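Here is what each chain is made of, one letter per residue.
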Amino acid sequence: VWNFNVRLSAMESGTTWGASWNIRGAIKNTGMTGTAAIGSVISESWIDSALTGATVTAVANNNDGTLDIQVTGLSGTTIRWVASVEITQVSYGTP
């Protein structure tokens with residue numbers, strides 16, 4: 001079981017447009033049935049109106065058994081994305 005807290009900020013190149021997200025939740029990898037979220041992922045965002053439509057999601061990747069942080073920018077923009085991800089893991093045996 002992983003508990004995660006993602007803090008991500010973005011800024012559009014050459015402007016002062018910015019956005020920030022806090023995403024938290026938990027995922028589990030059961031081995032037999034794959035990787036899945038435990039309950040609902042909670043996401044907070046603060047986005048300049050010029051960046052409305054830019055998105056960040058945290059997804060349990062069932063194929064790789066990983067937590068994926070996925071971002072989507074806007075057409076015609078260059079966005080720099082920076083994230084800090086904190087993970088707390090509990091397991092039995094070798095993680």
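This write-up is about the structure you can find in this document. (Residues numbered from 1 in each chain as written. Predicted model: local features only at pLDDT ≥ 70, side-chain atom pairs only at ≥ 80, totals over all residues. Heavy atoms only, no water.)

## A short note on the pairing of strand β2 (residues 18-29)
Sheet faces and side chains relate simply in a regular strand, where the side chains alternate between the two faces. Spelled out, the test is: At least two bridges found by DSSP between two strands is the condition for calling them paired. Labels follow the DSSP assignment, with helices taken as runs of H or I lasting at least four residues and strands as runs of E lasting at least two, numbered in each case from the N terminus.
Pairing analysis gives 10 bridges linking strand β1 (residues 2-12) to β2, with the strands arranged antiparallel. From the neighbouring strand, Phe 4 faces β2, where its bridge partner is Gly 25. Adjacent in sequence and paired antiparallel, β1 and β2 are bridged by 5 residues, among which Gly 14 carries a positive phi angle near 80°. Bridge analysis of β2 against strand β4 (residues 42-47) gives 6 bridges, and the strand direction is antiparallel.

## What about the nonpolar core?
Threshold: We call a set of buried residues a nonpolar core when its members are Ala, Val, Leu, Ile, Met, Phe, Trp, Tyr or Cys and they connect through side-chain atoms within 4.5 Å of each other. Using a 1.4 Å probe on the protein chains alone, a residue whose accessible area is under 20% of its type maximum counts as buried, one over 50% counts as exposed, and one in between counts as partly exposed. Contacts are assigned to residue pairs that have any heavy atoms within 4.5 Å of one another.
Phe 4, Trp 21 and Ile 23 are the most contacted members of the largest nonpolar core, which totals 14 residues. Listed by contribution, the elements that provide at least two residues to this core are β1, β2 and β5 (55-61). Filtering out sequence-adjacent residues up to four positions away, Phe 4 remains in contact with Ile 23, Arg 24, Gly 25, Ala 26, Ile 27, Val 41, Ala 58, Leu 67, Glu 86 and Ile 87.

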